[in-house]
Amino acid sequence: MFRKSRWKIVAAILSVLVLLLFGTFGVIYLASYVEMTNENRHLLEKYVDNYSLQEKTDMKMPEMMDRPNGASFHPPKLELSTFYSVAISKNSQILKVDTADISTLDEDALAELAQQIIDRGKNSGIESNLIYRVADKGDYVLVAFLDNTVMLENAGTLINYTLIFGGIALVLLFFLAQLLAGRIIAPLEESYKRQKQFISDAGHELKTPVAVVNANVELLSREIGENQWLSNIQYENERMSGLILQLLDLARTENVVPPMEMIDLSRLVYGKTLPFETVAYESGLCLNSDISENIYIYGNSVQIKQLTSILLDNAIRHSSNGKNVTLTLKEEKNNAILSVVNDGEEIPPEQRQYLFERFYLTDTARTGEDNHYGLGLAIAKAITNAHKGTINVRCYEGKVEFLVKLPLQNRNRKN
(Lines give C-alpha, C1' and ligand atoms only; values in the text may rest on other atoms or scores of the structure.)
Protein backbone atom coordinates (compact mmCIF):
# COMPACT_ATOMS: atom_id res chain seq x y z
CA MET A 1 0.00 0.00 0.00
CA PHE A 2 2.67 2.50 1.03
CA ARG A 3 4.91 1.44 -1.84
CA LYS A 4 2.17 2.38 -4.32
CA SER A 5 1.60 5.65 -2.47
CA ARG A 6 5.31 6.42 -2.58
CA TRP A 7 5.44 5.89 -6.35
CA LYS A 8 2.35 8.03 -6.83
CA ILE A 9 4.02 10.86 -4.91
CA VAL A 10 7.22 10.42 -6.94
CA ALA A 11 5.18 10.54 -10.16
CA ALA A 12 3.33 13.67 -9.00
CA ILE A 13 6.54 15.48 -8.00
CA LEU A 14 8.30 14.49 -11.22
CA SER A 15 5.34 15.58 -13.32
CA VAL A 16 5.32 19.03 -11.77
CA LEU A 17 9.09 19.43 -12.03
CA VAL A 18 9.19 18.14 -15.63
CA LEU A 19 6.45 20.55 -16.63
CA LEU A 20 8.30 23.43 -15.01
CA LEU A 21 11.69 22.44 -16.43
CA PHE A 22 10.71 21.71 -20.01
CA GLY A 23 8.08 24.42 -19.96
CA THR A 24 10.80 26.93 -19.12
CA PHE A 25 13.15 25.50 -21.76
CA GLY A 26 10.34 25.50 -24.31
CA VAL A 27 9.46 29.14 -23.65
CA ILE A 28 13.13 30.15 -23.85
CA TYR A 29 13.64 28.22 -27.10
CA LEU A 30 10.45 29.53 -28.68
CA ALA A 31 11.20 33.12 -27.68
CA SER A 32 14.76 32.83 -29.01
CA TYR A 33 13.60 31.28 -32.27
CA VAL A 34 10.95 33.94 -32.82
CA GLU A 35 13.37 36.74 -31.98
CA MET A 36 16.09 35.42 -34.31
CA THR A 37 13.57 34.80 -37.12
CA ASN A 38 12.18 38.31 -36.81
CA GLU A 39 15.68 39.76 -36.76
CA ASN A 40 16.60 37.85 -39.90
CA ARG A 41 13.43 39.00 -41.65
CA HIS A 42 14.24 42.58 -40.65
CA LEU A 43 17.76 42.26 -42.05
CA LEU A 44 16.40 40.75 -45.28
CA GLU A 45 13.96 43.65 -45.66
CA LYS A 46 16.81 46.12 -45.20
CA TYR A 47 18.81 44.26 -47.81
CA VAL A 48 15.89 44.37 -50.28
CA ASP A 49 15.23 48.06 -49.64
CA ASN A 50 18.83 48.99 -50.39
CA TYR A 51 19.42 46.56 -53.25
CA SER A 52 20.46 48.07 -56.59
CA LEU A 53 20.91 46.24 -59.88
CA GLN A 54 24.40 47.74 -60.20
CA GLU A 55 27.72 46.39 -59.17
CA LYS A 56 27.80 45.19 -55.63
CA THR A 57 30.32 47.90 -54.75
CA ASP A 58 27.68 50.51 -55.60
CA MET A 59 25.04 49.01 -53.30
CA LYS A 60 24.03 51.33 -50.53
CA MET A 61 23.89 50.14 -46.94
CA PRO A 62 21.42 51.70 -44.50
CA GLU A 63 22.49 54.01 -41.77
CA MET A 64 20.93 52.65 -38.63
CA MET A 65 22.12 55.05 -35.98
CA ASP A 66 24.44 57.97 -35.45
CA ARG A 67 27.67 58.10 -33.53
CA PRO A 68 28.14 60.85 -30.96
CA ASN A 69 30.40 62.82 -33.33
CA GLY A 70 27.79 62.71 -36.12
CA ALA A 71 29.41 59.96 -38.19
CA SER A 72 27.28 57.00 -39.22
CA PHE A 73 28.14 53.32 -39.35
CA HIS A 74 26.63 50.24 -40.97
CA PRO A 75 24.90 47.60 -38.80
CA PRO A 76 27.31 44.70 -38.22
CA LYS A 77 24.54 42.08 -38.51
CA LEU A 78 23.69 43.27 -42.01
CA GLU A 79 27.32 43.24 -43.13
CA LEU A 80 28.03 39.83 -41.59
CA SER A 81 24.89 38.08 -42.87
CA THR A 82 24.98 36.02 -46.06
CA PHE A 83 22.50 37.14 -48.74
CA TYR A 84 21.67 35.65 -52.12
CA SER A 85 19.57 37.35 -54.73
CA VAL A 86 18.00 36.80 -58.14
CA ALA A 87 16.82 39.70 -60.28
CA ILE A 88 14.21 38.74 -62.88
CA SER A 89 12.76 41.01 -65.52
CA LYS A 90 9.04 41.41 -66.10
CA ASN A 91 9.27 39.00 -69.05
CA SER A 92 10.90 36.32 -66.81
CA GLN A 93 14.46 36.92 -67.99
CA ILE A 94 17.20 36.37 -65.45
CA LEU A 95 19.07 39.65 -65.08
CA LYS A 96 21.44 38.86 -62.27
CA VAL A 97 22.16 36.06 -59.83
CA ASP A 98 24.23 36.70 -56.71
CA THR A 99 25.42 33.61 -54.81
CA ALA A 100 27.70 35.57 -52.46
CA ASP A 101 30.69 33.77 -53.99
CA ILE A 102 29.73 30.49 -52.35
CA SER A 103 30.94 27.70 -54.61
CA THR A 104 28.55 25.10 -53.28
CA LEU A 105 25.51 27.16 -54.33
CA ASP A 106 24.48 26.64 -57.95
CA GLU A 107 23.31 29.79 -59.80
CA ASP A 108 20.91 27.88 -62.03
CA ALA A 109 19.30 26.13 -59.05
CA LEU A 110 18.95 29.46 -57.22
CA ALA A 111 17.39 31.10 -60.30
CA GLU A 112 14.97 28.17 -60.71
CA LEU A 113 13.98 28.42 -57.04
CA ALA A 114 13.38 32.15 -57.40
CA GLN A 115 11.15 31.59 -60.43
CA GLN A 116 9.13 28.96 -58.51
CA ILE A 117 8.64 31.39 -55.63
CA ILE A 118 7.42 34.12 -57.99
CA ASP A 119 5.01 31.67 -59.61
CA ARG A 120 3.52 30.84 -56.19
CA GLY A 121 2.67 34.46 -55.63
CA LYS A 122 3.96 34.61 -52.05
CA ASN A 123 6.02 37.64 -51.04
CA SER A 124 7.85 36.05 -48.10
CA GLY A 125 8.48 32.73 -46.43
CA ILE A 126 11.06 30.04 -45.75
CA GLU A 127 12.39 27.54 -48.26
CA SER A 128 14.75 24.89 -46.87
CA ASN A 129 17.35 26.89 -44.92
CA LEU A 130 16.65 30.14 -46.77
CA ILE A 131 14.40 32.99 -45.75
CA TYR A 132 13.13 34.72 -48.89
CA ARG A 133 11.54 38.04 -49.74
CA VAL A 134 10.00 39.05 -53.08
CA ALA A 135 9.99 42.76 -54.01
CA ASP A 136 8.91 44.66 -57.08
CA LYS A 137 11.77 47.05 -57.95
CA GLY A 138 9.99 48.70 -60.89
CA ASP A 139 11.75 47.33 -63.96
CA TYR A 140 12.41 43.96 -62.42
CA VAL A 141 11.42 41.66 -59.59
CA LEU A 142 13.95 40.90 -56.87
CA VAL A 143 13.94 37.61 -54.98
CA ALA A 144 16.33 37.96 -52.05
CA PHE A 145 17.43 35.16 -49.75
CA LEU A 146 19.03 35.14 -46.32
CA ASP A 147 20.92 32.03 -45.32
CA ASN A 148 19.24 30.74 -42.15
CA THR A 149 21.58 27.78 -41.66
CA VAL A 150 23.49 29.24 -38.73
CA MET A 151 20.32 30.04 -36.84
CA LEU A 152 18.92 26.56 -37.43
CA GLU A 153 22.18 24.97 -36.35
CA ASN A 154 22.20 27.10 -33.22
CA ALA A 155 18.61 26.11 -32.52
CA GLY A 156 19.48 22.44 -33.03
CA THR A 157 22.46 22.77 -30.69
CA LEU A 158 20.22 24.42 -28.10
CA ILE A 159 17.71 21.55 -28.37
CA ASN A 160 20.46 18.92 -28.07
CA TYR A 161 21.95 20.55 -24.99
CA THR A 162 18.46 20.96 -23.56
CA LEU A 163 17.76 17.26 -24.01
CA ILE A 164 21.14 16.25 -22.57
CA PHE A 165 21.01 18.48 -19.51
CA GLY A 166 17.27 17.91 -19.21
CA GLY A 167 17.86 14.15 -19.06
CA ILE A 168 20.56 14.59 -16.42
CA ALA A 169 18.25 16.90 -14.50
CA LEU A 170 15.44 14.31 -14.70
CA VAL A 171 17.67 11.65 -13.17
CA LEU A 172 18.62 14.00 -10.34
CA LEU A 173 15.00 15.05 -9.90
CA PHE A 174 13.94 11.39 -9.76
CA PHE A 175 16.22 10.73 -6.80
CA LEU A 176 15.14 13.98 -5.21
CA ALA A 177 11.48 13.00 -5.65
CA GLN A 178 12.18 9.60 -4.10
CA LEU A 179 13.83 11.27 -1.12
CA LEU A 180 10.91 13.66 -0.66
CA ALA A 181 8.34 10.90 -1.09
CA GLY A 182 10.14 8.77 1.48
CA ARG A 183 10.09 11.60 4.00
CA ILE A 184 6.40 12.26 3.33
CA ILE A 185 5.39 8.60 3.65
CA ALA A 186 7.66 7.69 6.60
CA PRO A 187 5.45 9.18 9.37
CA LEU A 188 2.31 7.61 7.87
CA GLU A 189 3.98 4.25 7.48
CA GLU A 190 5.27 4.35 11.04
CA SER A 191 1.81 5.28 12.34
CA TYR A 192 0.23 2.45 10.36
CA LYS A 193 2.75 -0.07 11.70
CA ARG A 194 2.08 1.06 15.25
CA GLN A 195 -1.65 0.77 14.68
CA LYS A 196 -1.32 -2.79 13.39
CA GLN A 197 1.01 -3.68 16.25
CA PHE A 198 -1.45 -2.20 18.73
CA ILE A 199 -4.31 -4.30 17.32
CA SER A 200 -2.18 -7.42 17.52
CA ASP A 201 -0.98 -6.71 21.06
CA ALA A 202 -4.44 -5.69 22.28
CA GLY A 203 -5.98 -8.83 20.79
CA HIS A 204 -3.49 -11.08 22.56
CA GLU A 205 -3.89 -9.22 25.85
CA LEU A 206 -7.69 -9.42 25.72
CA LYS A 207 -7.79 -13.15 25.06
CA THR A 208 -6.87 -14.01 28.65
CA PRO A 209 -9.47 -11.89 30.51
CA VAL A 210 -12.18 -12.97 28.05
CA ALA A 211 -11.31 -16.62 28.70
CA VAL A 212 -11.33 -16.00 32.47
CA VAL A 213 -14.72 -14.28 32.32
CA ASN A 214 -16.14 -17.15 30.26
CA ALA A 215 -14.83 -19.74 32.75
CA ASN A 216 -16.25 -17.87 35.73
CA VAL A 217 -19.64 -17.50 34.04
CA GLU A 218 -19.78 -21.25 33.43
CA LEU A 219 -18.89 -21.97 37.08
CA LEU A 220 -21.55 -19.56 38.35
CA SER A 221 -24.11 -21.07 36.00
CA ARG A 222 -23.47 -24.50 37.51
CA GLU A 223 -23.90 -23.20 41.05
CA ILE A 224 -26.93 -20.92 40.70
CA GLY A 225 -28.51 -22.30 37.54
CA GLU A 226 -30.04 -20.28 34.73
CA ASN A 227 -29.78 -16.55 35.32
CA GLN A 228 -30.66 -13.64 33.04
CA TRP A 229 -27.67 -11.57 34.08
CA LEU A 230 -25.24 -14.42 33.59
CA SER A 231 -26.75 -15.10 30.18
CA ASN A 232 -26.20 -11.47 29.19
CA ILE A 233 -22.60 -11.61 30.39
CA GLN A 234 -21.97 -14.83 28.49
CA TYR A 235 -23.57 -13.46 25.30
CA GLU A 236 -21.47 -10.28 25.33
CA ASN A 237 -18.37 -12.26 26.25
CA GLU A 238 -18.87 -14.53 23.24
CA ARG A 239 -19.25 -11.48 21.00
CA MET A 240 -16.07 -10.03 22.45
CA SER A 241 -14.27 -13.33 21.89
CA GLY A 242 -15.38 -13.40 18.23
CA LEU A 243 -14.19 -9.83 17.67
CA ILE A 244 -10.80 -10.58 19.22
CA LEU A 245 -10.35 -13.64 17.03
CA GLN A 246 -11.13 -11.60 13.91
CA LEU A 247 -8.73 -8.86 14.98
CA LEU A 248 -5.99 -11.44 15.51
CA ASP A 249 -6.74 -12.99 12.12
CA LEU A 250 -6.44 -9.58 10.46
CA ALA A 251 -3.23 -8.71 12.33
CA ARG A 252 -1.74 -12.11 11.50
CA THR A 253 -2.65 -11.78 7.83
CA GLU A 254 -1.20 -8.28 7.50
CA ASN A 255 1.94 -8.70 9.62
CA VAL A 256 3.07 -12.27 9.05
CA VAL A 257 4.25 -13.62 5.70
CA PRO A 258 2.54 -17.02 5.43
CA PRO A 259 4.40 -20.09 4.15
CA MET A 260 3.71 -20.42 0.45
CA GLU A 261 3.57 -23.57 -1.63
CA MET A 262 2.02 -24.80 -4.83
CA ILE A 263 -1.63 -25.61 -4.12
CA ASP A 264 -4.52 -27.02 -6.10
CA LEU A 265 -6.91 -24.08 -5.95
CA SER A 266 -9.72 -26.04 -7.60
CA ARG A 267 -9.66 -28.71 -4.92
CA LEU A 268 -9.44 -26.23 -2.03
CA VAL A 269 -12.33 -24.09 -3.27
CA TYR A 270 -14.48 -27.15 -3.98
CA GLY A 271 -13.79 -28.56 -0.51
CA LYS A 272 -14.68 -25.26 1.15
CA THR A 273 -17.84 -24.82 -0.92
CA LEU A 274 -19.49 -28.08 0.22
CA PRO A 275 -20.18 -27.05 3.87
CA PHE A 276 -21.76 -23.79 2.71
CA GLU A 277 -24.37 -25.63 0.65
CA THR A 278 -26.07 -26.54 3.93
CA VAL A 279 -25.71 -23.00 5.26
CA ALA A 280 -27.23 -21.60 2.10
CA TYR A 281 -30.10 -24.14 2.25
CA GLU A 282 -30.92 -23.14 5.82
CA SER A 283 -31.14 -19.54 4.61
CA GLY A 284 -33.52 -20.50 1.82
CA LEU A 285 -30.86 -20.22 -0.88
CA CYS A 286 -29.30 -22.51 -3.46
CA LEU A 287 -25.51 -22.44 -3.75
CA ASN A 288 -24.40 -23.14 -7.33
CA SER A 289 -20.77 -23.72 -8.18
CA ASP A 290 -18.83 -23.95 -11.44
CA ILE A 291 -15.24 -24.85 -10.63
CA SER A 292 -12.71 -25.59 -13.36
CA GLU A 293 -10.24 -28.36 -12.58
CA ASN A 294 -6.46 -28.29 -12.28
CA ILE A 295 -6.03 -24.62 -11.43
CA TYR A 296 -2.84 -24.19 -9.47
CA ILE A 297 -1.50 -21.14 -7.65
CA TYR A 298 1.41 -20.41 -5.37
CA GLY A 299 -0.11 -19.62 -2.00
CA ASN A 300 -1.13 -20.58 1.51
CA SER A 301 -3.91 -23.17 1.72
CA VAL A 302 -5.20 -21.98 5.11
CA GLN A 303 -5.60 -18.40 3.91
CA ILE A 304 -7.17 -19.44 0.61
CA LYS A 305 -9.77 -21.47 2.50
CA GLN A 306 -10.43 -18.49 4.74
CA LEU A 307 -10.80 -16.21 1.71
CA THR A 308 -13.35 -18.56 0.13
CA SER A 309 -15.28 -18.81 3.40
CA ILE A 310 -15.43 -15.04 3.83
CA LEU A 311 -16.77 -14.47 0.32
CA LEU A 312 -19.39 -17.24 0.59
CA ASP A 313 -20.50 -16.17 4.06
CA ASN A 314 -20.77 -12.57 2.91
CA ALA A 315 -22.82 -13.54 -0.16
CA ILE A 316 -25.25 -15.72 1.83
CA ARG A 317 -25.78 -13.14 4.57
CA HIS A 318 -26.43 -10.29 2.13
CA SER A 319 -28.59 -12.14 -0.41
CA SER A 320 -32.00 -10.58 -0.95
CA ASN A 321 -34.74 -10.73 -3.55
CA GLY A 322 -33.27 -13.90 -4.97
CA LYS A 323 -32.73 -17.61 -4.43
CA ASN A 324 -29.23 -18.27 -5.76
CA VAL A 325 -25.62 -17.73 -4.80
CA THR A 326 -23.15 -18.59 -7.53
CA LEU A 327 -19.44 -19.38 -7.13
CA THR A 328 -17.25 -19.62 -10.22
CA LEU A 329 -13.58 -20.51 -10.53
CA LYS A 330 -11.87 -20.34 -13.91
CA GLU A 331 -8.69 -19.41 -15.72
CA GLU A 332 -8.36 -16.15 -17.59
CA LYS A 333 -5.05 -15.34 -19.26
CA ASN A 334 -2.45 -15.69 -16.48
CA ASN A 335 -4.90 -15.41 -13.56
CA ALA A 336 -7.22 -17.62 -11.59
CA ILE A 337 -10.59 -15.86 -11.34
CA LEU A 338 -12.70 -16.57 -8.25
CA SER A 339 -16.16 -15.00 -8.49
CA VAL A 340 -18.98 -15.06 -5.92
CA VAL A 341 -22.32 -13.56 -7.00
CA ASN A 342 -25.47 -13.03 -4.98
CA ASP A 343 -28.77 -11.26 -5.56
CA GLY A 344 -28.89 -8.03 -3.61
CA GLU A 345 -29.38 -4.32 -3.64
CA GLU A 346 -26.79 -2.30 -5.50
CA ILE A 347 -24.04 -0.93 -3.29
CA PRO A 348 -23.74 2.84 -3.86
CA PRO A 349 -20.49 3.78 -5.64
CA GLU A 350 -19.47 6.06 -2.77
CA GLN A 351 -19.60 3.07 -0.39
CA ARG A 352 -17.72 0.57 -2.55
CA GLN A 353 -14.34 2.17 -1.92
CA TYR A 354 -14.79 1.58 1.83
CA LEU A 355 -16.02 -2.02 1.70
CA PHE A 356 -12.57 -3.44 2.33
CA GLU A 357 -11.78 -1.07 5.20
CA ARG A 358 -11.77 -2.30 8.78
CA PHE A 359 -15.04 -2.16 10.72
CA TYR A 360 -16.96 -0.80 7.74
CA LEU A 361 -20.59 -1.95 7.59
CA THR A 362 -22.93 -0.93 4.79
CA ASP A 363 -25.83 -1.30 7.23
CA THR A 364 -25.06 1.18 10.00
CA ALA A 365 -27.93 -0.17 12.09
CA ARG A 366 -26.09 -3.44 12.58
CA THR A 367 -23.64 -3.45 15.46
CA GLY A 368 -22.17 -6.94 15.31
CA GLU A 369 -25.13 -8.81 16.74
CA ASP A 370 -24.43 -11.66 14.28
CA ASN A 371 -20.73 -11.79 15.19
CA HIS A 372 -19.75 -9.80 12.13
CA TYR A 373 -17.91 -6.57 12.75
CA GLY A 374 -16.86 -5.38 9.31
CA LEU A 375 -13.53 -7.20 9.38
CA GLY A 376 -14.25 -10.07 6.98
CA LEU A 377 -13.68 -8.18 3.73
CA ALA A 378 -10.65 -6.43 5.23
CA ILE A 379 -9.18 -9.86 5.94
CA ALA A 380 -10.11 -11.00 2.42
CA LYS A 381 -8.25 -8.04 0.93
CA ALA A 382 -5.20 -8.67 3.14
CA ILE A 383 -5.12 -12.33 2.02
CA THR A 384 -5.47 -11.31 -1.64
CA ASN A 385 -2.65 -8.77 -1.31
CA ALA A 386 -0.43 -11.37 0.35
CA HIS A 387 -0.95 -13.56 -2.74
CA LYS A 388 -0.18 -10.65 -5.11
CA GLY A 389 -3.75 -10.57 -6.37
CA THR A 390 -6.63 -8.12 -6.54
CA ILE A 391 -10.17 -8.09 -5.17
CA ASN A 392 -13.00 -5.91 -6.45
CA VAL A 393 -16.76 -5.58 -6.18
CA ARG A 394 -19.21 -5.07 -9.07
CA CYS A 395 -22.93 -4.38 -9.09
CA TYR A 396 -25.12 -5.04 -12.10
CA GLU A 397 -28.72 -6.07 -12.87
CA GLY A 398 -29.66 -6.58 -9.23
CA LYS A 399 -26.58 -8.67 -8.48
CA VAL A 400 -23.47 -8.09 -6.37
CA GLU A 401 -20.23 -9.80 -7.43
CA PHE A 402 -16.94 -10.06 -5.58
CA LEU A 403 -14.13 -10.84 -8.01
CA VAL A 404 -10.71 -12.12 -6.93
CA LYS A 405 -7.77 -12.43 -9.34
CA LEU A 406 -4.79 -14.54 -8.30
CA PRO A 407 -1.70 -15.18 -10.45
CA LEU A 408 -1.52 -18.73 -11.81
CA GLN A 409 1.31 -21.09 -10.97
CA ASN A 410 3.53 -22.37 -13.78
CA ARG A 411 2.08 -25.70 -14.86
CA ASN A 412 5.52 -27.17 -15.39
CA ARG A 413 6.22 -26.90 -11.65
CA LYS A 414 3.01 -28.31 -10.26
CA ASN A 415 4.40 -31.80 -9.94
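For the structure itself, consult the block above.
Thoughts on a nonpolar patch on the surface
Taken together, the side chains of Y161, I164, F165, I168 and L172 define a hydrophobic patch exposed on the protein surface, amounting to about 550 Å² of accessible area. Mapped onto the secondary structure, Y161 falls in helix 4 (residues 149–224).

Some points on the sheet that holds strand 6 (residues 130–136)
Sheet architecture is open: five strands sit in the order 4-3-7-6-5, paired in antiparallel fashion. Each of the sheet's edge strands pairs with one partner strand only, and the pair in question is strand 4 (94–98) and strand 5 (124–127). On average, each strand axis in the sheet is inclined to that of its neighbour by 20 degrees, with strand direction left out of account. When strand 3 (residues 83–89) meets strand 7 (residues 140–147), the two strands line up antiparallel, connected through seven bridges. In the sheet register, A87 faces strand 7, and the bridge partner there is L142.

Digging into the pairing of strand 4
Each regular strand shows side chains that alternate between the opposite faces of the sheet. Looking at chain direction, strand 3 and strand 4 are connected through four bridges and run antiparallel. Across the sheet, the residue bridging to I88 is I94, located in strand 4.

What about the packing of aromatic side chains?
Geometrically, a pair of aromatic rings is defined through the distance of the ring centres and the angle of the planes. For the structure on display, the rule yields seven aromatic pairs. Look at Y161 and F165: their rings are 6.1 Å apart centre to centre, the planes differ by 25 degrees, and that puts the pair in the stacked class. A residue pair is termed a helical-turn pair when its members lie 3 or 4 positions apart in one helix, as Y161 and F165 do in helix 4 at four residues. Where F356 meets F402, the ring centres are 6.1 Å apart and the plane angle is 85 degrees; that geometry is what we call edge-to-face. In this pair, F356 sits in the loop between helix 8 (349–352) and helix 9 (376–386) while F402 sits in strand 14 (residues 399–407), placing the two residues 46 residues apart along the sequence. Across this residue pair, the class does not change: F356 and F402 are buried. Here the aromatic residues W7, F174 and F175 are joined through ring pairs into a cluster of three or more.

Digging into the side chain of S309
Residue position: S309 is located in helix 7 (residues 301–317). A relative accessible area of 15% means that S309 is categorised as buried. Leave out the neighbours within four places in its chain, and S309 touches K272 and F276.

Remarks on helix 9
Among the residues of helix 9, L377, A378, I379, A380, A382, I383 and T384 are the ones counted as buried. Just past helix 9, the residue K388 takes up positive phi, approximately 60 degrees.

Some thoughts on the nonpolar core
As a rule of thumb, nonpolar side chains are buried together in soluble globular proteins. Core analysis: the largest hydrophobic core is formed by 44 residues, its most contacted members being L265, L311 and F402. Of all the elements, helix 7 adds the most residues to this core, at seven residues. What L265 contacts, discounting residues up to four positions off in sequence, is I295, Y296, I297, I304, L329 and A336. Core analysis: the next-biggest nonpolar cluster, separate from the first, contains 15 residues, Y84, I117, Y132 and V134 among them.

About the thresholds
Residues numbered from 1 in each chain as written. Predicted model: local features only at pLDDT ≥ 70, side-chain atom pairs only at ≥ 80, totals over all residues. Heavy atoms only, no water. Patch = residues over 30% accessible without salt bridge, like charges linked within 9 Å, V, L, I, M, F, W, Y side chains within 5 Å. Areas by Shrake-Rupley, 256 points an atom, 1.4 Å probe, with all protein chains shown as cover. Salt bridge = Lys/Arg side-chain N within 4 Å of Asp/Glu carboxyl O. Helix = DSSP H or I, 4+ residues; strand = E, 2+ residues; numbered from the N terminus. Pairing = 2+ DSSP bridges. Axes fitted to C-alpha atoms, helices over the stretch in contact; angles between N-to-C directions. Phe/Tyr/Trp six-rings, centres within 6.5 Å; stacked < 30°, edge-to-face > 60°. Buried < 20%, exposed > 50% of the residue type's maximum accessible area, 1.4 Å probe, protein only. Contact = heavy atoms within 4.5 Å. Core = buried A, V, L, I, M, F, W, Y, C linked by side-chain atoms within 4.5 Å.

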